[in-house]
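Structure assessment
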Amino acid sequence: MRNFSKVFDFQKEKNANKVYAALQNGRGQELLNSLMTEAQAANAADYPKAQLIITGSFVCSYQEFKNSLYIIPLEDIVNVYVSNCFYGTYNYDNKAIALETRAGETFYFGKVAIRSKEQQFEQALMALVARCKANANSLIA
């Protein structure tokens, strides 16, 4: 199981190049330095089984690390919920944490089997709901 420190290990140039390439296919390249600084803080929470990290200001999914990475500012998130419909296609096998942003974008983080009782998935979901509930224009009840 990959965790944040393994994915974002910049000690080797090869690893750094993989991160930069994944960010070009994803979102948040300009936020990488801030994320790396915040990831060292005490309030940062890594959820390796859900393959995401939540810091004071960001959420980052590294589940699709070989293809893309997404760094989303928490202040931009207006809704957080569980979904098994991904980009308009219903999925009978998996569920994920859906994040909706102010810009109308939807991202799916922490995909697991639909019947999974994975505690880190639930913990990450609850942490995101708690941190994003007070955002401007929040739809979270």
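Bear in mind the structure is a predicted one, so any value in this text is a computation, not a measurement. Position numbers for residues count from 1 along each chain, tracking the sequence in the order it is written. Predicted model: local features are reported for residues with pLDDT of at least 70 only, side-chain atom pairs are reported and counted for 80 or more only, and whole-chain, interface and lining totals are derived from all residues. Side-chain measures here rest on the full set of heavy atoms in the structure, leaving out hydrogens and waters.

1. Some details on the confidence of the model for the protein chain
Of all residues in the protein chain, 98% attain a pLDDT of 70 or more, and the chain-wide mean is 88. When pLDDT is averaged over each helix and strand of the protein chain, the minimum, 81, is found for helix 1 (residues 4–7) and the maximum, 94, for strand 5 (residues 77–83). A score between 0 and 100, pLDDT records how confident the predictor is in each residue. For helices the rule is a DSSP run of H or I covering at least 4 residues; for strands it is a run of E covering at least 2, with both sets numbered from the N terminus onward.

2. Things to note about the sheet that holds strand 9 (residues 106–113)
Paired strands are those between which DSSP finds at least two bridges. One open sheet accounts for 3 strands, arranged 5-8-9; its pairing is antiparallel. The sheet is open, and its two edges are formed by strand 5 and strand 9, each paired on a single side. Between one strand axis and the next, the sheet turns by 15 degrees as a mean value, whatever way the strands run. As defined by bridge partners, strand 5 adjoins strand 8 (residues 94–101) across 6 bridges and the pair is classed as antiparallel. Residue pairing across strands places Ser83 opposite Ala96, the latter belonging to strand 8. Orientation is described by axes fitted as lines to C-alpha atoms, over the contacting stretch for helices, and by angles from 0 to 180 degrees between their N-to-C directions.

3. Topic: helix 2 (residues 13–25)
Residues that lie three or four places apart on an α-helix share one face, since the helix turns once every 3.6 residues. Helix span, as expected, comes to 1.5 Å for every residue beyond the first. Taking 1.5 Å per residue, 13 residues should reach 18 Å; helix 2 reaches 19 Å between its end C-alpha atoms and fits that length. Type-normalised accessible area, obtained with a 1.4 Å probe on protein chains alone, sets the label of each residue: buried when under 20%, exposed when over 50%, and partly exposed for intermediate values. The set of residues buried in helix 2 consists of Asn15, Ala16, Val19, Ala22 and Leu23. All buried residues of helix 2 project into a common sector of 125 degrees when viewed along the axis, lining one side. Set apart from the buried face of helix 2 by more than 90 degrees, the exposed residues are Glu13, Lys14, Gln24 and Asn25. It is the directions from the helix axis to the C-beta atoms that the arc portrays.

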